[in-house]
Amino acid sequence: SILTIKFMGKIIQQGAEAQIILNDDIIIKRRIKKSYRLPQLDEKIRKQRTKREYNLLIKASKLIPIPKIIKIDEKTKEIDMEFIKGKKLSEHLNFLDYLNISNQIGSQIAALHDKNIIHGDLTTSNMIIAEKTNKLYFIDFGLSFIDQKSEHKAVDLHLLKQALESKHYKHFESSFNSV
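All values derive from a computational prediction rather than experimental measurement. (Residues numbered from 1 in each chain as written. Predicted model: local features only at pLDDT ≥ 70, side-chain atom pairs only at ≥ 80, totals over all residues. Heavy atoms only, no water.)

Among the secondary structure elements, Glu 165 is positioned in helix H5 (residues 150-167). Assessed through its relative accessible area of 45%, Glu 165 is described here as partly exposed. Along the primary structure Glu 165 and Ala 111 are separated by 54 residues, whereas in three dimensions their C-alpha atoms are 23 Å apart. (Helix = DSSP H or I, 4+ residues; strand = E, 2+ residues; numbered from the N terminus. Buried < 20%, exposed > 50% of the residue type's maximum accessible area, 1.4 Å probe, protein only.)

Structure (structure tokens):
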């Protein structure tokens, strides 16, 4: 059955809110239960967050490269999406054409912000360079939301600036200026 197949995947990342499971060439983002919340409240929160992220992914997919969405399962609080074979930018930016990539990051942020999509966790850990195409993908829209306030857009940029400064300090200034 389909449920059996899903559990055969390998957990490749465990966060506070979700598990990221790789099953063949599919990523399954599964929101995990919180035992400290009332079960009915936990169910409602996880369902709302899964649905909100799915809707934002659909909007973002029309603007920038993100993993292709395959399906949402509101019962299991899962989003299935394409696995992007590539390199996490946080681990490889210092060894790549960082100015070109920084320009891509800036263009993609602008595309999202022009449509009032706030990523909410804009770090190089949430960006992947595809192995074959060198295309830059944004991932993990779990904290994303829609808002037109400049302050929220500025917080996205500030978080990215902090990530570049701490993880990519050799090229921080030129990278951020390119963004």
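Following the structure, the description resumes.
In contact at an axis separation of 11 Å, helix H4 (residues 98-114) and H5 are set at 160° when each is read in the N-to-C sense. What the angle tells us is that H4 and H5 run roughly antiparallel. Between H4 and H5 lies a crossing whose hand is right-handed. Counted together, Ile 105, Ile 109 and His 113 of H4 and Lys 153, Asp 156, Leu 157 and Leu 160 of H5 form the full contact between these two elements. Grouping the amino acids of the contact of H4 with H5 by side-chain chemistry returns four nonpolar, one polar and two charged. (Axes fitted to C-alpha atoms, helices over the stretch in contact; angles between N-to-C directions. Parallel < 35°, antiparallel > 145°, perpendicular 65-115°, else oblique. Left-handed = near helix turned anticlockwise from the far one by under 90°. Contact = heavy atoms within 4.5 Å. Nonpolar A, V, L, I, M, F, W, Y, C, P; charged D, E, K, R; others polar.)

Attention shifts here to unusual backbone geometry. You will see that Asp 24, though not glycine, has its phi angle at about 60°, which is positive. Here Asp 24 lies in the loop between strand E2 (18-23) and strand E3 (26-31). Although it is not a glycine, Asn 116 sits at a positive phi angle of roughly 65°. As for its placement among the helices and strands, Asn 116 is situated in the loop between H4 and strand E7 (117-118).

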